[in-house]
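What follows is the residue order along each chain.
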Amino acid sequence: MTEEAAAEGTLSVTDSRTGRSYQLPIIDGAIRTLDLRQIKVDADDFGLMGYDPAFQNTASCRSDITYIDGDKGILRYRGYPIEELAGRRNFLEVSHLLLTGELPSPEEQRDWVAEITNHTFIHESIKKFIDGFHHDAHPMGMLVSAVGALSTFYPEAKQVQDPEVRHRQIVRLIAKMPTIAAFAYRHAMGLYYAYPDDELSYTGNFLNMMWRATELKYRPDPILERALDVLLILHADHEQNCSTSTMRLVGSSQADPYSSMSAACAALYGPLHGGANEQVLRMLRTVGTVGNIPDYIQRVKQGEFRLMGFGHRVYKNFDPRAQLIKKVAEQVFEVTGRSPLLDIALEIERIALEDDYFVSHKLYPNVDFYSGIIYLAMGIPVEMFPVLFAIGRTPGWLAHWEEGLLDPEQKIGRPRQLYVGPAQRHLES
Ligand code: ACO
């Protein structure tokens, strides 16, 4: 926001310590916390700060990428409702939208697909790098490392102020993520690496690199190919979540995009974020049978553990992605057969949605509640779930990284703290 932007009102603040009053401009429904700094007890006072652990009520940037209304269950990318995009567009079109602000024209889409397809191969040395991991290495650990390692292959990526250089790295990252992901999987399975097939779609090629065995040409099931594409669209962006904020924060130091995205992948790895779908599956397996659900729910309510796949920092009524994904699940199960875990999941959902604890805490299924069951039905192992999330989130991370870099208001990110440790003390002589 430029300084000329008109304030829509002011916040009157009176400091009871001094009796002085202040008028803080309100712009776009926010005050600038830096405006609080003028509020001092005396000239030596540092000035008032805002204290907001976990950034629950602090906007760290202005963004025109994704809009969420958590209470109404609204999610829009660049203004388009997620329901329309997931129903009528593919992942690469949505990536173009997130990155440039507009859906591609047919010509732009042709060029964009060609550009991405042209960069799907990874350097043979990255393959060797993946080879170096232990056979039971978690694929997310391999992804975090391999994405970071890409920066050593493309040293030009450091030139983050150059738009052409930035564009090349964006294309490389979107193109290579499925390849790294599939290679990490095949390494864990002890299988040969299946190279990209330029004739397949983005998701069709990913399935090819995951599953190709002895056939000369892998032909993905069109329903599974489309289902995966929809899942990637649903995960493509979610404004300032933990991993995206990490991407922006690391990017604000002008680190190259590979290093920044490696950090974003690491943030996504945590069980409270992208690791949640993996945890959902483990939870469903622990529950084991529909009969065990009431006891399990009781233990959740007693605070023993959380119901994974439930609750969201932003969505407090429903997660629109969860509703879309439920439909995708039905289509997938028509191809793969119904998973018994789905019955457990549906029963947990039914009980939880009627239970006072979950209703009063506004806990609803989030996107991860179903995505894991779908992936499992497709034959994708649990450890790969957050990796798939990362492939989907890549264009969102990159759009935010670039937006942050181009925002004249942004500087290197550096929060304040409230120091609560000991006052000055001295070593005994
Ligand atoms: N099961 C049981 N209780 C829960 C759950 C849950 N899944 N989630 C929150 N609560 C309870 C908390 O115990 C707390 O209760 P209290 O007020 O009585 O102490 C209250 O709800 C608020 O919880 P917070 O942790 O403060 O809520 P927050 O908004 O910080 O957390 C989060 C959001 C992390 C997603 C949380 O709901 C959770 O841990 N869910 C399970 C993990 C999960 O599914 N994560 C995926 C998130 S979506 C994504 O990353 C794509």
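Use the structure listed above.
About the cut-offs
Residues numbered from 1 in each chain as written. Predicted model: local features only at pLDDT ≥ 70, side-chain atom pairs only at ≥ 80, totals over all residues. Heavy atoms only, no water. Helix = DSSP H or I, 4+ residues; strand = E, 2+ residues; numbered from the N terminus. Rg over C-alpha atoms; globule rule 2.2 N^0.38 Å. Buried < 20%, exposed > 50% of the residue type's maximum accessible area, 1.4 Å probe, protein only. Contact = heavy atoms within 4.5 Å. Areas by Shrake-Rupley, 256 points an atom, 1.4 Å probe, with all protein chains shown as cover. Lys, Arg positive; Asp, Glu negative; His and termini not counted. Charge placed at Lys NZ, Arg CZ, Asp CG, Glu CD. Pairing = 2+ DSSP bridges. Axes fitted to C-alpha atoms, helices over the stretch in contact; angles between N-to-C directions. Parallel < 35°, antiparallel > 145°, perpendicular 65-115°, else oblique. Near = heavy atom within 4 Å. Polar contact = N/O pair within 3.5 Å; in protein donor to acceptor, adjacent residues only side chain to side chain. Nonpolar A, V, L, I, M, F, W, Y, C, P; charged D, E, K, R; others polar. 1 Å grid on protein atoms, 1.4 Å probe; cavity = no way out; pocket = protein on both sides within 12 Å on 5 of 7 lines; lining within 4 Å. Points joined across faces, edges and corners; volume = space filled by probe spheres on them. Salt bridge = Lys/Arg side-chain N within 4 Å of Asp/Glu carboxyl O.

A. Quick peek at the overall build of the chain. Each helix and strand in the chain was counted, giving 17 helices and 5 strands. In terms of overall dimensions, the chain is globule-like: its C-alpha atoms have a radius of gyration of 24 Å, near the 22 Å expected for 429 residues. Considering only C-alpha atoms, the chain reaches an extent of 80 × 60 × 55 Å along its principal axes. Residues classed as buried in the chain amount to 48% of the 429 residues present. Across the chain, the fraction of contacts at a sequence separation of at least 24, relative to all contacts at a separation of at least 6, is 68%. Carbon and sulfur atoms make up 53% of the accessible area of the chain, which totals about 21400 Å². The centroid of the 43 positive side-chain charges in the chain is displaced by 2 Å from the centroid of its 56 negative side-chain charges.

B. View of the sheet that holds strand β5 (residues 80–81). One open sheet holds the 3 strands; their spatial order is β3-β4-β5, and the pairing between them is antiparallel. Unpaired on one side and paired on the other, β3 (66–69) and β5 mark the two borders of the sheet. Sheet topology places β3 next to strand β4 (residues 74–77); 4 bridges connect them, and they run antiparallel. Note that in β4 the partner of Y67 across the bridge is R76.

C. Expanded view of the pairing of strand β2 (residues 21–26). Of the pairings in the sheet, the one linking strand β1 (residues 9–14) to β2 comprises 6 bridges and is antiparallel in character. Paired with V13 across the bridge in β2 is Y22. Here β1 hands over to β2 after 6 residues, with G19 in that stretch at a positive phi of 80°.

D. Seen up close, the environment of H235. Checked against the element boundaries, H235 lands in helix α8 (residues 222–235). In this structure H235 comes out as buried when scored by relative accessible area, which is 1%. Along the backbone, H235 and N90 are 145 residues apart, and their C-alpha atoms lie at a distance of 13 Å. Discounting chain neighbours no more than four positions away, the residues touching H235 are Y77, V367, D368, S371, Y375, F389, G392 and R393.

E. Spotlight on the packing of helix α14 (residues 340–354) against helix α16 (residues 367–378). Packing of α14 against α16 brings their axes to within 10 Å, and their N-to-C directions diverge by 170°. Taken as axis vectors, α14 and α16 run roughly antiparallel relative to one another. Contacts between α14 and α16 involve L341, L342, A345, L346, I348 and E349 on the former and, on the latter, F369, Y370, I373 and L376.

F. Region of interest: the site of the ligand. Surrounding the ligand, one finds 20 residues, the nearest of these being R306, L307, G309, R313 and H361. Within the side chain of H273, an N or O atom sits 3.1 Å from an oxygen atom of the ligand. N366 places a side-chain nitrogen or oxygen 3.0 Å from an oxygen atom of the ligand. Burial of the ligand by the surrounding chains reaches 72%, relative to a free accessible area of 920 Å². Here the shell around the ligand is composed, by residue class, of 10 nonpolar, 6 polar and 4 charged.

G. Broad picture of the layout of surface pockets. Taken as a whole, the second largest pocket spans an internal volume of roughly 210 Å³. Around the second largest pocket sit 16 residues that line it, and L92, V113, L200, S201 and Y202 are the ones nearest its centre. Contributing elements (two or more residues each) for the lining of the second largest pocket: α2 (91–100), α3 (106–117) and α7 (202–211). For the lining of the second largest pocket, the element with the most residues is α3, which contributes 4 residues. Per-class residue counts for the lining of the second largest pocket are 7 nonpolar, 6 polar and 3 charged.

H. Main features of unusual backbone geometry. The phi dihedral of F55 is positive, around 50°, even though this residue is not glycine. Summarising the element assignment, F55 is placed in the loop between β2 and β3. F55 gets classed as exposed once you look at its relative accessible area, which sits at 57%. Phi angles above zero are rare outside glycine, and K362 is one such case at about 55°. Summarising the element assignment, K362 is placed in the loop between α15 (356–360) and α16.

I. The arrangement of empty space enclosed by the protein in detail. According to the stated counting rule, one finds 1 cavity of 30 Å³ or more in the structure shown. Taken as a whole, the largest cavity holds about 30 Å³ of empty space. Around the largest cavity sit G311, H312, Y315, F318, D319, K362, L363, Y364, P365 and N366, which together line it.

J. Molecular detail of the pattern of salt bridges. Under the definition given, this model contains 24 salt bridges. When the shortest N-O distance is used, the salt bridge between R17 and D15 registers 2.9 Å. Residue classification places D15 among the buried residues on the basis of a relative accessible area of 8%. One salt bridge in this structure joins D229 and R226, with 3.2 Å as the shortest N-O distance.

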